[in-house]
Amino acid sequence: MTTASRAVSTQERAAVLNVIHRQQRSLWIDAWERLRRNRFAMAGLVVVIVACVLAALAPLIAPYDPVAQDTPANNSSPFWEQGQYWDPRYVLGADQLGRDILSRLIWSARISIVIGFVPTAIVFSIGILVGMVAGFYGGIVDNLLMRLTDVVYAFPDLLFVIIIVTSLRATPIGEFLGGLILIFIALAVVSWVGVARLTRGQVLSLKEKEFVEAARAIGAGPGHIMRRHLLPNALAPLIVTAAFSVPSAMLAEAVLSFLGIGIRPPTPTWGVMINDGFVVFSTTPWPVLLPSICISIVMLSFTFLGDGLRDALDPRMKL
Amino acid sequence: MLKYVIRRLLLVIPTLFFVALITFVLAQAAPGSPFDKNETKPLPVATIERLNRFYGLDRPVYEQFVVFLGNAVRLDFGVSLQRDRSVNDIIGQGLPRTAQLGVMALFVALAVAIPLGVVSALKQNSAIDYASVFLSTIGTTIPSFVLAIVFIYFFGVLLKLLPFVGWGDGLDRRMIMPTVILALGPMAFLTRITLASMLEAIRQDYVRTARSKGLGEQVVIVTHVLKNALIPVATVLGPAAAALVTGSFIIETIFSVPGVGREYIRSILARDYPIIMGTTMLYAAVIVIANLTVDLVYGMLDPRIKVA
């Protein structure tokens, strides 16, 4: 016993006690190892990182101003359809107003990434906070939350977002940054309830566990228990949900912009580009097909990443 | 059970009430009026005032809401502000087409998803298994309007196989593309569920018992595995119906299907309050009823589930 207490490192102590020493591994390192072995998830992660870099460096990378119109070059085709309509300055061609499609695609990534991550961050901050309090304390907050979810679940998400966006479009908020802020708000209002409900469910089952009882027994306050014991244990399903919430926010923006009630033109987003080109789609398909391909690739990447995270963080979780 | 049914039915009322309240307040709170659409030739102020008075838009919002509720209970949603027709008339004209589109899409989705899910569960790692994984990945990740664009380009523009504008009466070739695209999302989702619940059912003890007492493979699969595996599939029909409802207005707008969905988008852009309210209430009611039906049927299908 005395030798054991004098030992400095865990290795030495293990040797003294004659037990096998094992490198301590946290849940997160294990999860990362599992994620790294998933090829689809890693491919998804790479695409997501590339998209983020493109978005951040858009002003440096994009060869032209995404809203500058070069009218004589309008409807010029991409390089693989070289013909009389090809203009070598515009690699992927130009749209019907003569705007460089490559530059517009790159700048669109910027809006998409922001739309994907910012509302998700807001939604998770509010949702986790409310869900924690509702699950931990119960009572009025809990009752209100559950009734609210009943209503929000009866409202189709997209319908709700559309109503919020269209009614506030003409206000100063709706005009700020081409409608970007309004979409943030609409998405946040609609989706925080789901996150709150998920957190609540997690907290309800976790708070009966022994480690919470133990923490309480040594005198930990409710704030400490929520931060240090409940949140880290509830985090895995929340991270997975967040990984799926980012692409669904991007999708919502694309749908809204495609319907003409999202980001205001001329700000380029993939949805706006599809909306712009849709009228002349059957004669000049590329200005519509290229942003469609971009959306699809990004959506697929996020799904692969989300699936990989789910498998890595919680192997028991299904679908 | 009866008590549960009644309680669930009564919960429908506050839910629809709040949906109506939120939509009403948001639609009315918006700046601008339904009568300022023509920017180059604005209507005279006196005319706008008369129009507002005629439609009751000059009264306070809460008063308008009470009037709306009173009429809505009798399923009267008023008259369109832009077109001289009643909301019921406009919805009544579009509804059969939207319903036909939705029902056909649900049918296509089920007809593909269930066999595909079952076969890929029975023959794991076969070509069909990979096909179903591919289909469900595409269907759940690629947005429907992007799929619509790609389909229109290949089958409509390049190959000129299928028309892609408009609808028709009875059965029409123009219905093929909108139906298939709308079906893809729910199809992918249902395939995943079928596959997962088949895999779970196959491993159950009662399946081993059935095999060990010498039942034929076909009998085991059909009466023991399939019967139990399809219960979870039934429960996701509610969300699937919701996906069809919200999917329909995008698909209807892209393919110019004169249904409720296109009317909804048009009314929102034109700020035609009565139509916005009518269509939103219709959508919410469909979703609430679909979810309620599924929950109730679930209790009947699976006696292990105790509803209380």
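What you are looking at is a predicted structure, and each value in this text was computed from that prediction instead of being measured.

What follows concerns the interface of chain B and chain A. Contacts between the two partners involve 37 residues from chain B, matched on the other side by 40 residues from chain A. Taking both sides of the interface into account, the surface hidden between chain B and chain A amounts to around 3,500 Å²; carbon and sulfur atoms contribute 84%. Across the chain B-chain A interface, the total number found is one salt bridge. For R192 of chain B, the salt bridge identified is with D307 of chain A, shortest N-O distance 3.7 Å. Inspection of the chain B/chain A interface yields one residue pair in polar contact (both at pLDDT 80 or more). At the level of elements, helix 1 (2-29), helix 5 (127-141), helix 6 (144-158), helix 7 (176-202), helix 10 (237-254), helix 11 (260-270) and helix 12 (273-301) of chain B are the ones that each hand at least two residues to the side of chain B that touches chain A. Looking at the side of chain B that touches chain A, the element that brings in the most residues is helix 1 of chain B, giving seven residues.

Here the focus is the pattern of salt bridges. All names here are of chain B. A full pass over the atoms with the stated rule returns twelve salt bridges over all chains. A salt bridge links R211 to E217, with the nearest nitrogen and oxygen atoms 2.9 Å apart. The partly exposed category is assigned to E217, whose relative accessible area is 45%. Note that E263 is salt-bridged to R266, the shortest N-O span being 3.1 Å. Taken as a pair, E263 and R266 lie in helix 11 at a separation of three residues, close to a single helical turn. According to the relative accessible area criterion, E263 is buried, its value standing at 12%. A relative accessible area of 37% places R266 in the partly exposed class.

On domain assignment, one finds that chain A holds domain 1 (1-27) and domain 2 (37-312). Computed over C-alpha atoms, the centres of domain 1 of chain A and domain 2 of chain A are 47 Å apart.

It is worth spelling out unusual backbone geometry at this point. We note that L75 of chain B has phi near 60 degrees; this positive angle belongs to a residue other than glycine. Locating L75 of chain B in the fold gives a position in the loop between helix 3 (61-73) and helix 4 (87-122).

This next bit is on the confidence of the model for chain A. Residues of chain A with pLDDT of at least 70 account for 92%, and the chain-wide mean is 82. Residue range residues 1-5 of chain A is modelled with pLDDT below 50. Its contacts to residues more than four positions away, or to other chains, number four contacts.

This part covers the packing of helix 12 (residues 222-259) of chain A against helix 14 (residues 286-313) of chain A. A pair of packed helices is captured by two measures, namely the crossing angle of their axes and the spacing between those axes. All names here are of chain A. At a minimum axis separation of 8 Å, helix 12 and helix 14 run at an interaxial angle of 170 degrees. By the angle between their axes, helix 12 is roughly antiparallel relative to helix 14. Mapping the contact onto sequence places A236, I239, V240, A243, F244, V246, P247, M250, L251 and A254 in helix 12 and I295, V298, M299, F302, T303, G306, D307, L309, R310 and L313 in helix 14. Grouping the amino acids of the contact of helix 12 with helix 14 by side-chain chemistry returns 16 nonpolar, two polar and two charged.

A full pass over the atoms with the stated rule returns 19 aromatic pairs over all chains. On the basis of an interplanar angle of 20 degrees and a centroid distance of 4.9 Å, the ring pair of F258 of chain A and F145 of chain B is categorised as stacked. With F258 of chain A in helix 12 and F145 of chain B in helix 6, this residue pair bridges two chains. In this structure F258 of chain A comes out as buried when scored by relative accessible area, which is 6%. A relative accessible area of 0% means that F145 of chain B is categorised as buried. Their ring planes at 25 degrees and their centres at 6.2 Å tell us that F65 of chain B and F68 of chain B sit as a pair that is stacked. Taken together, the positions of F65 of chain B and F68 of chain B, both in helix 3 and three residues apart, correspond to about one turn of that helix.

All right, on to the side chain of S292 of chain A then. Within the secondary structure, S292 of chain A sits in helix 14. Residue class for S292 of chain A comes out buried when judged on its relative accessible area of 1%. Not counting residues up to four positions away in its chain, the partners in contact with S292 of chain A are I274 of chain A together with V146 and I149 of chain B.

Within the secondary structure layout, R200 of chain A lies in helix 10 (residues 180-206). When neighbours within four sequence positions are excluded, R200 of chain A is seen to be in contact with G131, G135, D142, L145 and M146 of chain A.

Glancing now at the nonpolar core. Across soluble globular proteins, nonpolar side chains show a tendency to be buried alongside one another. By size, the foremost hydrophobic cluster in this structure holds 116 residues, and its most contacted members are I162 of chain A together with F68, F145, F249, F255 and Y264 of chain B. I162 of chain A has contacts with L256, L259 and I261 of chain A together with F249, Y264, I265 and I268 of chain B, leaving out every residue within four places of it along the chain. Ranked by size, the runner-up nonpolar core spans 24 residues in total, among them A134, F136, W192 and M226 of chain A.

About the thresholds
Residues numbered from 1 in each chain as written. Chains lettered and ligands numbered in written order. Predicted model: local features only at pLDDT ≥ 70, side-chain atom pairs only at ≥ 80, totals over all residues. Heavy atoms only, no water. Contact = heavy atoms within 4.5 Å. Buried area = accessible area lost by both parts, 1.4 Å probe. Salt bridge = Lys/Arg side-chain N within 4 Å of Asp/Glu carboxyl O. Polar contact = N/O pair within 3.5 Å; in protein donor to acceptor, adjacent residues only side chain to side chain. Helix = DSSP H or I, 4+ residues; strand = E, 2+ residues; numbered from the N terminus. Buried < 20%, exposed > 50% of the residue type's maximum accessible area, 1.4 Å probe, protein only. Domains from an automatic or database assignment. pLDDT = per-residue confidence, 0-100. Axes fitted to C-alpha atoms, helices over the stretch in contact; angles between N-to-C directions. Parallel < 35°, antiparallel > 145°, perpendicular 65-115°, else oblique. Nonpolar A, V, L, I, M, F, W, Y, C, P; charged D, E, K, R; others polar. Phe/Tyr/Trp six-rings, centres within 6.5 Å; stacked < 30°, edge-to-face > 60°. Core = buried A, V, L, I, M, F, W, Y, C linked by side-chain atoms within 4.5 Å.

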